[in-house]
Structure formats: C-alpha cells, structure tokens
Amino acid sequence: MFSMRYIVDDSYYKAAESDETAARPILFYCGNEGDIWGFYENSGFVTETLAKRWGGLVVFAEHRYFG
C-alpha cells in the first residue's frame, strides 16, 4: 500500500448542450517518474486542447514507483 497524489481538473468539464445525460470523456494521464506538478504544468495539450474541445474531465495520477 502506498499514497498516491492526483489532480482532478474540471475547468472544461460540462454536460452536453442537447442532452444532460450524454457522456463526456475522462482524460486520464499517468504521469512519468517525477513530481506531478511539473508534468501537469507542461501538459497543455491534454489540459487545454483536448479537455476544452471535448468538455472532458482531466485526471492526473502521479507515477513515482517503478519496478
């Protein structure tokens, strides 16, 4: 068992315009071997471009344990 840090960014998450029950994507990013904030702050394609385009929820998980 170990602690895991994660970030949930709902800045662009929204329900579909025509149907409140329509599904929106969850964009999951499994970070590299390092601090989560460094990768989050340099992942504009996921956090800005993709999330904004599809109204998605971004979930970043810190991956610091390897092997």
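Residues numbered from 1 in each chain as written. Predicted model: local features only at pLDDT ≥ 70, side-chain atom pairs only at ≥ 80, totals over all residues. Heavy atoms only, no water.

Draft legend 1. Quick peek at the sheet that holds strand S2 (residues 26-33). Pairing is mixed across the open sheet formed by three strands, whose spatial order is S1-S3-S2. With one partner strand each, in any of the chains shown, strand S1 (6-9) and S2 form the two edges of the open sheet. Going from strand to strand, the sheet's axes swing by 15° on average, the running direction of each strand aside. In terms of strand pairing, S2 meets strand S3 (residues 57-63) through six bridges, oriented parallel. The partner of isoleucine 26 across the bridge, within S3, is leucine 57. (Pairing = 2+ DSSP bridges. Helix = DSSP H or I, 4+ residues; strand = E, 2+ residues; numbered from the N terminus. Axes fitted to C-alpha atoms, helices over the stretch in contact; angles between N-to-C directions.)

Draft legend 2. Representation of the pairing of S3. Counting buried positions along S3 yields six of seven residues, so the element is predominantly enclosed. Both S1 and S3 contribute to a ladder of four bridges, which runs antiparallel. Looking across to S3, one finds that tyrosine 6 is bridged to alanine 61. (Buried < 20%, exposed > 50% of the residue type's maximum accessible area, 1.4 Å probe, protein only.)

Draft legend 3. Local environment of the nonpolar core. Counting residues in hydrophobic clusters, the biggest one holds nine residues: Ile7, Leu27, Ile36, Tyr40, Val46, Leu50, Ala51, Val58 and Phe60. Mapped onto this core, the elements with two or more residues apiece are helix H1 (36-41), helix H2 (44-54) and S3. At three residues, the largest contribution of residues to this core is made by H2. Excluding anything up to four places from it in sequence, leucine 27 contacts Val46, Leu50, Ala51, Leu57, Val58 and Val59. (Core = buried A, V, L, I, M, F, W, Y, C linked by side-chain atoms within 4.5 Å. Contact = heavy atoms within 4.5 Å.)

Draft legend 4. Broad picture of the side chain of threonine 47. Within the secondary structure, threonine 47 sits in helix H2. Ignoring anything within four residues of it in the chain, the contact list for threonine 47 reads Asp9, Tyr12, Tyr40, Val58 and Phe60.

Draft legend 5. Representation of the packing of aromatic side chains within the structure. One pass over the full model with this rule turns up three aromatic pairs. When the ring of tryptophan 37 is compared with that of tyrosine 40, the centres are 5.7 Å apart and the planes differ by 85°; the resulting orientation is edge-to-face. You can see tryptophan 37 and its partner tyrosine 40 sitting in helix H1, three residues apart, about one turn around the helix. Given a relative accessible area of 18%, tyrosine 40 falls into the buried group. For the ring pair tyrosine 40 and phenylalanine 60, a centre distance of 5.1 Å and an interplane angle of 85° mean the geometry is edge-to-face. With tyrosine 40 in helix H1 and phenylalanine 60 in strand S3, this residue pair connects regions lying 20 residues apart in the sequence. (Phe/Tyr/Trp six-rings, centres within 6.5 Å; stacked < 30°, edge-to-face > 60°.)

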